Amino acid sequence: MLKSATVYDRLDALIAAAKANEVSLAVFRPTRVLDFVWENEDREWDPAKVFDAFVRTDLHFFLGTTQQFHFVAPNPWVIVGVFPIPHEGQPDLFEGGT
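Below or above, wherever it landed, is the structure these notes cover. Being a predicted model, the structure only gives us computed values, none of them experimental.

Let's shift gears to the overall build of the chain. Helix and strand counts for the chain stand at two helices and four strands. Going residue by residue from the N terminus, the α and β elements of the chain occur as β-α-β-α-β-β. A burial count over the chain gives 24% of its 98 residues as buried. Residue pairs in contact within the chain that sit at least 24 positions apart in sequence constitute 53% of those at least 6 positions apart. Of the roughly 8000 Å² of accessible surface on the chain, a fraction of 54% belongs to carbon and sulfur atoms.

As structure tokens, this is what we get:
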């Protein structure tokens, strides 16, 4: 998917595209994670551990806009999903060699 999708690295370009009604779903790669805000829920998990994993991993976010705030919010984007980039190993230099 990442080979065919545009991967954005600047929110200002995404915000402008949303306001122009050009984009409502996007893949975003942050240059750095500044903060991690969460809502409590029933299942137990360690937010500090998740934040640590976020800052050490090459993350990409699926972003989407909500119809209600698409044109009016200063930043209409919300994180729909998070995924790390799969590791692509170097091909075996001796594979099929002589």
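Having seen the structure, we can now continue with the description.
So, on to helix H1 (residues 11–19). Listing the buried residues of H1 in full gives Leu14, Ile15, Ala17 and Ala18. Down the axis of H1, the sector holding all buried residues measures 165°, keeping them to one side. Within two residues after H1, Asn21 carries a phi angle of roughly 60°, on the positive side.

Take the sheet that holds strand E4 (residues 77–84) next. Strand order in the open sheet made by the four strands is E1-E2-E3-E4, with mixed pairing throughout. Edge positions in the open sheet fall to strand E1 (7–8) and E4, since each of these has one partner strand only. One ladder, built from two bridges, connects E1 with strand E2 (residues 25–28); its direction is parallel. Paired with Val7 across the bridge in E2 is Val27.

To continue, consider the side chain of Thr65. With respect to the helices and strands, Thr65 occurs in strand E3 (residues 59–65). In this structure Thr65 touches Ala18, Ser24, His70, Pro76 and Trp77, once residues within four positions along its chain are discounted.

The next thing to look at is the pattern of salt bridges. Tallied over the entire structure, the rule returns three salt bridges. Note that Asp12 is salt-bridged to Arg10, the shortest N-O span being 2.9 Å. A salt bridge links Arg56 to Asp52, with the shortest nitrogen-to-oxygen separation between them at 3.1 Å. Here the residue Arg56 and the residue Asp52 both occupy positions in helix H2 (residues 47–56), the gap between them amounting to four residues, near one helical turn.

About the thresholds
Residues numbered from 1 in each chain as written. Predicted model: local features only at pLDDT ≥ 70, side-chain atom pairs only at ≥ 80, totals over all residues. Heavy atoms only, no water. Helix = DSSP H or I, 4+ residues; strand = E, 2+ residues; numbered from the N terminus. Buried < 20%, exposed > 50% of the residue type's maximum accessible area, 1.4 Å probe, protein only. Contact = heavy atoms within 4.5 Å. Areas by Shrake-Rupley, 256 points an atom, 1.4 Å probe, with all protein chains shown as cover. Arc of directions from axis to C-beta. Pairing = 2+ DSSP bridges. Salt bridge = Lys/Arg side-chain N within 4 Å of Asp/Glu carboxyl O.

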